[in-house]
Amino acid sequence: TREWHFMQRPVGLPGPETFKLVERDLPPLQEGQCLVKNLVLSVDPYMRPRMDAGPSYVPPFELGEALTGSAVGEVVETRSDVPLGSWLVHQAGWREHAVVDAGAARVVDKGRYPSSHYLGVLGGPAFAAYVGLFHIADFRRGDSVFVSGAAGAVGSMVGQFALLAGAKRVVGSAGSSEKVRYLVDELGYDAAFDYKTGPVLEQLRGAFPEGLDVYFDNVGSDHLAAAIDVLNDFGRAAICGTISTYNAVEPHAVPVDAVKVVTKRLRLQGFIAFDHEDLRKDFDSEVGAWLEAGRLMSPETISRGIESVPAAFTGMLTGTNTGKAIVRLAED
Ligand code: NDP
């Protein structure tokens, strides 16, 4: 089988020297393990900070080892209680086949939805959107919401969840006019703007003449600074990620105006979705029902073949994706 190895810590955007496709034999199955054939692989922003040395909330990738990430695989051999043919969501992505511990993987409904949905609308990004919006930012019906990175995997869910849950106004920012159009015309955002065409602060003030109650931050930096300026008294911000810093070569300082945080009694809270497994059941039932009822769009940008994984990853980091960036290796 083939898998992508991590060869060199990147400075800035990863390049071809960062990755190597390696052919290897798989070890025999131990009791409790399955052999899976991966159908779809996820490429995610958090993988980029894992390529830097030094501690974070997950350990860095090790040089010379296979990269990891979430994937949906079909069980093609089993020495566990997971039956042959089942679909497993597991962490041995970036490869064609993998031996996985059944206990560390999650069995999902086979064939009910495309396997890619378990990496997007029914997977990690939508769960982060759900946790951040409803739990961390404490969204309430009638709130005005701003989400950055709005056309991405997490952002596209945040805006739709807010609209479905009765937001007064939902506005998103994204990096192209096509994405801006997509947010308004397809996902139903009230407005959107391209952060590359002018200062975020000016565009955000224009979008929220009556101020903003909830900010869902996927980007950091000038987006966060602008949101602090425009948030209403008692506004809440869920800080989900800071993608504007992940490939930064220069040290980055996020200018937070603490005076405004105090005088407006703002609450800014970072979070990591996997700390909130207690919300998984609510997520499954609420988001599952929206999806089942056809009320939720699940945009995906799909590349094909194991060779395309690095390009899909760096493309996602630079914005070639709308919705969840996915690599498909085999048909469902
Ligand atoms: P996306 O699908 O949103 O893909 C990344 C997007 O980031 C690109 O499409 C690009 O869109 C945008 N981007 C790239 N560079 C910049 C920049 N300098 N400024 C603004 N936007 C930029 O990824 P995800 O939805 O998977 O992740 C979104 C965020 O959520 C990330 O920060 C990620 O780390 C975080 N996250 C956090 C989790 C948690 O538990 N806290 C869980 C999952 C994700 P564009 O064309 O608009 O620039």
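Because the structure is a prediction, the values reported are computed rather than measured. (Residues numbered from 1 in each chain as written. Predicted model: local features only at pLDDT ≥ 70, side-chain atom pairs only at ≥ 80, totals over all residues.)

Here's the deal with the sheet that holds strand β10 (residues 191-194)
Strand order in the open sheet formed by 6 strands is β10-β9-β8-β11-β12-β13, and the pairing between neighbours is parallel. Edge positions in the sheet fall to β10 and β13 (267-270), since each has one partner strand and no second. The sheet shows a mean angle of 15° between the axes of neighbouring strands, direction not considered. Sitting on the sheet, helix α2 (residues 124-136) is in contact with β11 (212-217), β12 (231-239) and β13, with an inclination near 150° to β12. Lying on the sheet, helix α4 (residues 177-185) is in contact with β9 (169-174) and β10; it crosses β10 at an angle near 170°. (Pairing = 2+ DSSP bridges. Helix = DSSP H or I, 4+ residues; strand = E, 2+ residues; numbered from the N terminus. Axes fitted to C-alpha atoms, helices over the stretch in contact; angles between N-to-C directions. Contact = placed C-beta atoms within 7 Å.)

A look at the environment of Ser-80
Relative to the helices and strands, Ser-80 resides in the loop between β4 (71-78) and β5 (87-90). Classification of Ser-80 by C-beta neighbours within 10 Å gives buried; the count is 20. Discounting chain neighbours no more than four positions away, the residues touching Ser-80 are Gly-32, Gln-33, Cys-34 and Ala-102. (Buried ≥ 20, exposed ≤ 12 C-beta atoms within 10 Å, placed from the backbone.)

Brief notes about the nonpolar core
Leu-133, Phe-216 and Ala-227 are the most contacted members of the largest nonpolar core, which has 93 residues in total. Looking at this core element by element, the count peaks at 8 residues for α2. Aside from chain neighbours lying at most four places away, what touches Leu-133 is Phe-139, Val-158, Phe-161, Ala-162, Phe-216 and Ala-238. (Core = buried A, V, L, I, M, F, W, Y, C linked by C-beta atoms within 7 Å.)

Let's talk about the site of the ligand
As a matter of local geometry, the ligand sits amid 31 residues, with Gly-152, Ala-153, Gly-175, Gly-241 and Gly-319 nearest to it. Among the elements of the structure, α2, α3 (153-164) and α9 (309-318) are those that each provide at least two residues to the shell around the ligand. Of the residues that make up the shell around the ligand, three or more belong to each of domain 1 (2-120 + 298-328) and domain 2 (124-274). (Near = placed C-beta within 6 Å. Domains from an automatic or database assignment.)

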